[in-house]
Amino acid sequence: MTPADISIREEFPLINNNTVAYLDNAATTQKPKCVLDAVEKYYVNQNANPMRGLYDLSLQATQAYEDARAAAAELIGASSEEIVFTRNATESLNLIAYSYGLHNIKAGDEIIVSVVEHHSNFLPWKNVADHTGARIVYWDCEADGYLDPDTLTGLISERTKLVAVTHVSNVLGRVNDIQRVAHIAHSYGALIVCDGSQSVPHMKTDVHDLDVDFFVFSGHKMYAPMGIGVLYGRRELLDAMPPFLYGGEMIETVTKDRVTYAEVPHKFEAGTVNAGGAVGLHAAIGFMNRYGYELIESRERELTRHAFEEMSAMPYITILGSERWEEHGGIIAFKVDGVHPHDVAAIFSDADIAVRAGHHCAQPLHKHLGVMSSTRVSMAFYNTMEEVDRFLDVLSGIRAKMGY
C-alpha cells in the first residue's frame, strides 16, 4: 500500500490491520475513529435529552444536535431549517410520501418513477397511488442504464404531480442529470424528489444547483453511524406539510381542544431524537471535509477504472449498465456466466472479500435489464488497489472453482 493508503486506512479500526477486503460500500461504509470517538464522547460527557431541559447537559446536547443540523445543511447547500433528521433515507422518503403525497396527490394524478430506483423511492409512491387513485408512470432507462430526459418529456403531462428519481443508481453507479429532470418537472408544475444516498458520500452536491424540491440521504453510507438520515425540503413545502409522527417535541401548544405544531424542522422530529447519531454524522462530515471530495472522487475513480477494465477483459463476465467505466461511479454490478450471484458472493466470502449479491432492492431495474439478480462490488476511498486485485484474482477463478 502507498503511504496515502496507510494514512487513510489507519482512520478505520475495523479494516485497519484486518484481512477483510470490504467492497460492499454501497450498502454501508465503515466508520472512522473520529466518528466513533465523537459518539462515545457525546454519551460519556453530554448525554441528556435535547430541547427538554434548561440545565447544562441538556443545553449542550441541544447545541450538539443543532450543530450537526447546520453541518448537514452546509454540506448540501441548504439552510438549517430545511433539514429534517430521520432514521435513514427510507424514512425520509416515507415522510415525504405520507406528509406531502397523501395530502396533495389525488385520483387521476400521475407520479413518474424511474425504473432504476431503489425500492425506497418506489414503494412509498406506490402506496400513495394505491391510497389516492393516482397512477404510477414508469420511466425506463436505456440498456446502458441511461435515463434519457427526452423519454421523460414524452411521459410527463399536466397530470404529473411528482417525479421520483435517484441521483446515482445503487446498482449501476450511473449519475443522472438531475438539473435537467428538475427543469422538465417544474415546467409542468411537478415536484422532483431525489434520492442522494449514493451521491452525497462520493461527490459534491448542492440542492439549489440541482433545483430539487426534496432530497434525501443516509448517514451510514457516508461514514456516519446507522440510524441517522437527512431530509432536505424547500421551506415553503415543509411549512405546508402536516406532521409525519405525533408526540413529544413536535408541538408548540396542546390543550384538550386545540394543537399547534412546532416550526419546521422540529414539526417532523417527534419524540426523543437520535442525538448521538447526529453527533456522529457531524463528525463524519468533518472527516469528509478534511480529505475533500476531490481526493475522494479521484481515488474512487482510480479503483473503479482498474476493476472495470480488468473485468471487461474476462469473457465470462457481463457488467450491467454502461460499457464506459466513467459511468459507474464506484459501483459495478455484474454476472458470471453459469454461476448464481449468491454462489459468487459465497466464494468471495470464503476468500475474506465482502461483496453483495441479489437484486439490491431494485427488482424492477433487474427485470428491465433481463436479469433476476447480480453481484455488486462497490468501492470507497479507503479501499486499495491491492484489495481490488484480490477481488479480481478470485473473480478470475470462480468458474473453475464451480467446475467449468
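Residues numbered from 1 in each chain as written. Predicted model: local features only at pLDDT ≥ 70, side-chain atom pairs only at ≥ 80, totals over all residues. Heavy atoms only, no water.

**Q** Give me the lowdown on the overall build of the protein chain, citing residues and values where you can.
**A** Secondary structure summary: the protein chain contains 15 helices and 15 strands in total. Compactness check: the protein chain gives a C-alpha radius of gyration of 22 Å against a globular reference of 22 Å for 404 residues, within 12% of the reference. The buried share of the protein chain, taken over its 404 residues, is 56%. Across the protein chain, contacts joining residues at least 24 apart in sequence account for 69% of those joining residues at least 6 apart. Roughly 16800 Å² of accessible area belongs to the protein chain as shown, and the carbon and sulfur atoms make up 50% of that amount. Computing the positive centroid from 33 side-chain charges and the negative centroid from 53, the protein chain places the two 4 Å apart. (Helix = DSSP H or I, 4+ residues; strand = E, 2+ residues; numbered from the N terminus. Rg over C-alpha atoms; globule rule 2.2 N^0.38 Å. Buried < 20%, exposed > 50% of the residue type's maximum accessible area, 1.4 Å probe, protein only. Contact = heavy atoms within 4.5 Å. Areas by Shrake-Rupley, 256 points an atom, 1.4 Å probe, with all protein chains shown as cover. Lys, Arg positive; Asp, Glu negative; His and termini not counted. Charge placed at Lys NZ, Arg CZ, Asp CG, Glu CD.)

**Q** Can you lay out the layout of surface pockets for me, pointing to particular residues and giving the numbers?
**A** Taken as a whole, the largest pocket holds about 330 Å³ of empty space. If you trace the largest pocket, you find 25 residues lining it, with A26, H118, N170, K221 and C361 closest to the centre. Within the residue set of the lining of the largest pocket, elements represented by two or more residues are α4 (89-104) and β14 (356-358). When residues of the lining of the largest pocket are assigned to their parent elements, the largest contribution, 3 residues, is made by β14. Its residues assigned to classes, the lining of the largest pocket comprises 7 nonpolar, 14 polar and 4 charged. (1 Å grid on protein atoms, 1.4 Å probe; cavity = no way out; pocket = protein on both sides within 12 Å on 5 of 7 lines; lining within 4 Å. Points joined across faces, edges and corners; volume = space filled by probe spheres on them. Nonpolar A, V, L, I, M, F, W, Y, C, P; charged D, E, K, R; others polar.)

**Q** Could you give an account of the sheet that holds strand β12 (residues 331-336), naming the residues involved and the relevant values?
**A** Pairing is antiparallel across the open sheet formed by 4 strands, whose spatial order is β11-β12-β15-β14. Whereas interior strands pair on both sides, the edge strands pair on one side only; in this sheet they are β11 (317-319) and β14. Between one strand axis and the next, the sheet turns by 30° as a mean value, whatever way the strands run. Here β11 runs beside β12; their pairing, made up of 3 bridges, is antiparallel. The partner of T318 across the bridge, within β12, is K335. (Pairing = 2+ DSSP bridges. Axes fitted to C-alpha atoms, helices over the stretch in contact; angles between N-to-C directions.)

**Q** Explain the packing of helix α2 (residues 33-46) against helix α3 (residues 56-75) to me, using residue names and the numbers behind them.
**A** For any two helices packed against each other, the geometry is given by the interaxial angle and the distance between the axes. In the contact formed by α2 and α3, the axes pass within 10 Å of each other and the chain directions differ by 160°. Viewed along their axes, α2 and α3 adopt a mutual orientation that is roughly antiparallel. Note on element contacts: α3 touches α2 through L57, Q60, A61 and A64, opposite Y42, N45 and Q46. Looking at side-chain class alone, the contact of α2 with α3 contains 4 nonpolar, 3 polar and no charged residues. (Parallel < 35°, antiparallel > 145°, perpendicular 65-115°, else oblique.)

**Q** Tell me about the nonpolar core, and please be specific about residues and values.
**A** I76, I83, F85, V212, F215, Y223 and L281 are the most contacted members of the largest nonpolar core, which has 74 residues in total. No other element matches the 10 residues that helix α10 (residues 275-291) contributes to this core. The contacts of F85, once residues within four sequence positions are left out, are Y65, A68, R69, A72, I228, G229, V230, E269, A278 and L281. Core analysis: the second largest hydrophobic core is formed by 30 residues, A21, M314, V355 and F391 among them. (Core = buried A, V, L, I, M, F, W, Y, C linked by side-chain atoms within 4.5 Å.)

**Q** Give a detailed account of the packing of α4 against helix α5 (residues 123-132), specifying residues and quantitative values.
**A** Two elements in contact, α4 and α5, have axes whose closest approach is 9 Å; the angle formed by their N-to-C orientations is 25°. In terms of their interaxial angle, α4 and α5 are classed as roughly parallel. The two elements α4 and α5 cross, and the hand of that crossing is right-handed. Across from L93, N94, I96, A97, Y98, G101 and L102 in α4, the residues of α5 making contact are P124, W125, N127, V128, H131 and T132. Residues that form the contact of α4 with α5 fall into these classes: 8 nonpolar, 5 polar and no charged. (Left-handed = near helix turned anticlockwise from the far one by under 90°.)

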